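# What the coordinates show
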Amino acid sequence: MKSNTRPQVFLAATASAIALTAAPATAQTGDEPIVVTGSRIAKSEFTSADPIQIIDPESAKLQGQVQLADVLQSTPAAQGSIQINSALSNRVVANGGNDVQTVSLRGLGAERTLVLINGRRAGPAGIRGSVAPFDLNVLPLSVVRQVEVLKTGASSIYGSDAVAGVVNILTRNDLNGAEVGGFSSITENGGGESYGVDASFGKTFDRGHFFASVDYFKQQKLIRRDRGFLFCAEEYLKREADGSRADIVDFRTGRPQCSGTLGNAITFSDFSGVDENGFPTFGPGLFAPNGQLIASGQYGAEFAGVGMPINVYNPIGVFGPADFFGLNFDGPSTGALNKFEPAERDMDVFSGVERISAFADAAYEVAGGVTIYGEALFNNRKSQNAGFQLMALEQFTGASMLPFFLCNPAANNCDPGDMGDPFNAEFGGNIILRPQVLVRSESSADVDYYRGVLGLRGTFGGWKWDVHGQHSRSDASYTQDVIYQDALASQTLRTRSCAGTTTAIRGAPCIDIDFTDPRVLRGDFTPAERAFLMGRETGRTLFKQTSAEALLTGKLFNLPAGPVGAAFGANIRRDEIDDTPGEATLAGNVANFTTSGITAGRTVAKEIFGEVEVPLLEGVPMIERLTLSGAARYTHVEATRGDGVQDRFSDTTWKVGADWAVTDWLRFRGTWGTSFRAPALFELFLNDQTGFLGQQAIDPCIQTAARLAAGAISQRIFDNCAAEGIAPNYAGGISPATIVSGGGIGRLKPETSTAKTVSVILTPDVSGALWGGLKARLAVDYFDIKVRDEITLLGAGNILRGCYDSDVAGEPLCGLFTRVAAGPDRQSVASVTDRYVNISRQRGRGVDLSLALDQELGRLGSLALRAQMVWQVEDKVALFPGTEIDDNGKIGNPKWVGDFSLGWMKGGWTLFYGLDVTGAASNKEDLLRAQGGDACRTSSFRPGGRFCPDVSVPATFYHSLSLSRDVADRFRITLGVANLFDTPPPRVSTVVTATPPVIGQAPAFGTQYDYLGRRFFVGVRGRI
């Protein structure tokens, strides 16, 4: 971009930061036709009937954004919902795997947002069996010329997946000469720094162009201890009377205790006898532990002088050794619980990521108006992440417990040699001990992505034709530390030494480990113990996409108002996945992680489509221009699993639109259309994955009497649980339920949707003596998207609740889970089958507002103001007819977001100010529903009356400031500060299940919030 148009540089850049839907969608010179995202028809003067946002990377760089993901995820159409970024994809199961970064428009999910590169579908990248969305990591920001975001459904134009909208990334093609650039973004408090360099060469000539670029990017990891607000998560409870903190206080420091994962400790439960059916009964600690035990060396000498005696017998009845403390029997003792271990402090919030990319684009007119063109892209991403795993198992003391776990005395099959665990004999009484050990766990991913395009285009008889093919390939490996399930099983509920035996799956020689030893509790394993318990495995994911398309565009005939344009085409696409997990995962021998098999299969989609644009009227009263458009597409998809099982899907989608220019300053537009999404490969073929969830999180039959009285469940749920023989005071099982999820081939239907938009655009001429040189543009867009038969996992909790809240005999949901028939965990949920299914519907409605003001100031330069806001009116999901989940206004899904910028340009200088706003949000309704209408509680552990969780967050403001200077028409330098006031994420209570946590932290969970803090950035770019 040449510096002799410096004011225009900023105007173009800031125009890209918000949706300038009042202006044409792309720049244009003369009468050369352009193609606007949302249409296949070339246009010369008409603007799109669809709401389109234009993004220029130059504006992003002025705000300190250095990745394509930063740019797209912060656009208001995406900012109003949770996006998948590095921090999130390492903590939850995300489609695409660890460190993937995707974009989701309107909160409908990345699978329903189609990403194009230069108007052509881009294949996905990632790891594990659920690869589906385009990974924004594969394309560096340095090669991006412009991004056009179509903010409504467009399956009839672009095919399956364009349900929420389309993101069209346009690459650079206008460079003459060589260019080098670089940037650095340094955080004030350390951690999360990023750096990048790139070099490009380009040439434009009469018969075509060539552009090539190499880009290197590196992001340092952000560790939890790098930020104070991440370091120690607190309960953050407030007293109802005066709003003061009601957290349990750590008496050693006088500050609220740290919350987190209980580790380096032993939880225990008393064994108190048998019930009327002969099954063992336990004290309340089976479901709310009687207490915890920690070793005296856990905190060194920190207990000295603080009134915590060494316990030989703790107040609840557990006999223990003299070097253990009993905790969690009163408020003061609970304050000393160690819930923030070194392994948790040293976990990565953002991974360390390193990427190298190479991109080339070329076009050459060979003869007779025929042009050959091609693109090539290579990207390698390496990422590393450190977390932790919990190593937990059960052991017991006292031989009186053995008949209920190991043998049947009536059958005389008890071994006289069996006894309580011989390695923790220092603990007396009949108790179950549950050692909790946190260990560091590392994972990494190495993803190679290739994409190539080759095509021909030309003209004949006034029509344009374009034929191209493309192929993309994601070849990735993923490595993770694992804890062997068979090793833990050899130490669980043991009664004698395992020496001389081998583990059940690996066949490894068994060794005895005393998990009550303080050394072991703190994760200090010997090399032999570590090799027996833990290992490392590597899996591989291969995803290939191949497609070909033919397109014909031109003019059918002329009407008085202008020519009727048309486009026709056909497309064929093949997607194929082959994911092979590591050896331990395939064997079902991994603790804590899901187990899964090989996911393999392919789909072949064949499509034909057509589009027409009809100019009805022009130059008549009240109608400066009126244009109607229509499009239709037929899609047929054949799916074949690796074992040969097949399924087929087909549908026809359509779309109509109108663009009515009343005058040269007032315009109305609207669209109405349908979209179609065939099930993704992972939704069809994902091999069974096994995970675990706690009983309290999924079982609606727990404490039904109390919950019915509080209004938390319906009378129908109470009656159905009772009819199954579950007592009203049933406290729930202790063992987690096994959750089996997988693909739904043979059972799934394609998703369908309708999308409507209505817009008004104002471009008044407000210049004059008072407002000399002022240009104003305002656009207001209303959108309404409904998705039917949406494909998703119901979730184990929804399956059980749907079963017990149904009055239908033989309710199908009731056949998807089983309960334990006998034993100490009797009546707990044993397993739940949760495969991909079609749910009822999802709907999102809202209003976009875009404002652009440009003011010439003569010798003082010029000003540019940009503003874009989104109000989400409705965001609901109905899993079943008559049931709805309303996420609108909750943390992570605010009702309102805004993006504002102001720039001043003069004589080669550009001063930029940006403001991103995330509206207030609250999870209070969820909290009240979960707690029976009363969010506040009392507790003897917390004196001072009733206390209440805080699950509401205020609006959050992030400011950025930068200064740029162009030198000698060839060099530009930008200096700036992002998150100018070092604004942390808002805080919420962490002890409430209704509040989504961020990896167990006190800050509110939402990718709208900044976890890096204040950072200083510099960017340099020059031409040679």
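Residues numbered from 1 in each chain as written. Predicted model: local features only at pLDDT ≥ 70, side-chain atom pairs only at ≥ 80, totals over all residues. Heavy atoms only, no water.

Looking only at helices and strands, the protein has 19 helices and 49 strands in total. Across the 1024 residues that make up the protein, the buried fraction comes to 55%. Sequence separation of 24 or more characterises 73% of the internal contacts of the protein that already satisfy a separation of 6 or more. Just so you have it, the protein exposes about 39,900 Å², and 58% of that area is on carbon and sulfur atoms. (Helix = DSSP H or I, 4+ residues; strand = E, 2+ residues; numbered from the N terminus. Buried < 20%, exposed > 50% of the residue type's maximum accessible area, 1.4 Å probe, protein only. Contact = heavy atoms within 4.5 Å. Areas by Shrake-Rupley, 256 points an atom, 1.4 Å probe, with all protein chains shown as cover.)

Moving on: the environment of Val604. As for its position among the elements, Val604 is in strand 26 (residues 599-620). Separated by 28 residues in sequence, Val604 and Glu576 have C-alpha atoms that sit 8.8 Å apart. If near-sequence neighbours (up to four positions away) are discounted, Val604 is found in contact with Ile572, Arg573, Arg574, His636, Val637 and Glu638.

Across 9 bridges, the pairing between strand 6 (residues 177-187) and strand 7 (residues 194-205) is antiparallel. When the sheet's bridge partners are listed, Ala178 is paired in strand 7 with Phe201. The antiparallel pairing of strand 6 with strand 7 creates a hairpin that spans 6 residues between the two strands, and Gly190 there sits at a positive phi of about 85°. Note: strand 7 against strand 8 (residues 208-219), 12 bridges, orientation antiparallel. Bridge pairing in strand 8 links Asp198 to Asp215. The loop that links strand 7 with its antiparallel partner strand 8 comprises 2 residues. (Pairing = 2+ DSSP bridges.)

Moving on to the confidence of the model for the protein. Predicted confidence across the protein gives a mean pLDDT of 84, with 85% of residues reaching 70 or more. Counted against residues more than four places away or in other chains, residues 1-33, with its pLDDT under 50, gives 101 contacts. Confidence drops under pLDDT 50 across residues 299-317; counting only partners more than four residues distant or on other chains, this segment forms 41 contacts. (pLDDT = per-residue confidence, 0-100.)

We now examine the sheet that holds strand 36 (residues 829-833). The sheet built from 5 strands is open, its strands ordered 25-30-31-36-35 with mixed pairing. At either margin of the open sheet sits one strand with a lone partner, and together these are strand 25 (595-596) and strand 35 (817-819). Bridge count for strand 30 (residues 689-693) against strand 31 (residues 737-741) is 5 bridges, and the pairing is antiparallel. Considered in strand 31, the bridge of Gln689 is made with Ser741. The sheet strands contacting helix 18 (residues 796-804) are strand 30, strand 31, strand 35 and strand 36, and the helix crosses strand 35 at an angle near 80°. (Axes fitted to C-alpha atoms, helices over the stretch in contact; angles between N-to-C directions.)

Turning next to the sheet that holds strand 10 (residues 237-239). A sheet is described by the order of its strands in space; here 3 strands give the open sequence 10-45-44, paired in antiparallel fashion. Looking along the sheet, the strands with just one partner apiece sit at the ends: strand 10 and strand 44 (937-939). Shown here is a sheet whose adjacent strand axes are inclined to one another by a mean of 45°, direction ignored.

Counted by the stated rule, this structure contains 63 salt bridges. In this structure, the salt-bridge partner of Arg942 is Glu235, at a minimum N-O distance of 2.3 Å. Pair noted here: Arg942 is in strand 45 (residues 942-949) and Glu235 is in the loop between helix 7 (228-231) and strand 10, with a separation of 707 residues, a long-range link. Like Glu235, Arg942 is buried. For Glu394, the salt bridge identified is with Arg434, shortest N-O distance 3.0 Å. One end of the pair, Glu394, is in the loop between strand 19 (370-392) and strand 20 (395-397); the other, Arg434, is in strand 21 (residues 431-460), with 40 residues separating them in the sequence. What you see here is one network of salt bridges that share partners, running through Glu111, Arg112, Arg677, Glu683, Glu751 and Glu790. (Salt bridge = Lys/Arg side-chain N within 4 Å of Asp/Glu carboxyl O.)

This part is about the state of the cysteines. The term disulfide refers to a covalent linkage connecting the sulfur atoms of a pair of cysteines. Overall, the coordinates contain 5 disulfides when judged by the stated rule. Here Cys232 is linked by a disulfide to Cys258, with a sulfur-sulfur distance of 2.0 Å. Residues Cys232 and Cys258 are joined by a disulfide whose S-S torsion is about -120°; by sign, that bridge is left-handed. Taken together, the residues Cys232 in the loop between helix 7 and strand 10 and Cys258 in the loop between strand 12 (255-256) and strand 13 (265-274) connect sequence positions 26 residues apart. A relative accessible area of 23% means that Cys258 is categorised as partly exposed. Disulfide pairing is shown between Cys803 and Cys814; the S-S distance is 2.0 Å. Linking Cys803 and Cys814, the disulfide has an S-S dihedral of approximately 105° and is accordingly described as right-handed. Of the two residues, Cys803 sits in helix 18 while Cys814 sits in the loop between helix 18 and strand 35, which places them 11 residues apart along the sequence. Accessibility expressed as a relative area gives 6% for Cys803, which makes it buried. By relative accessible area, Cys814 is classed as partly exposed at 29%. (Disulfide = S-S within 2.5 Å.)

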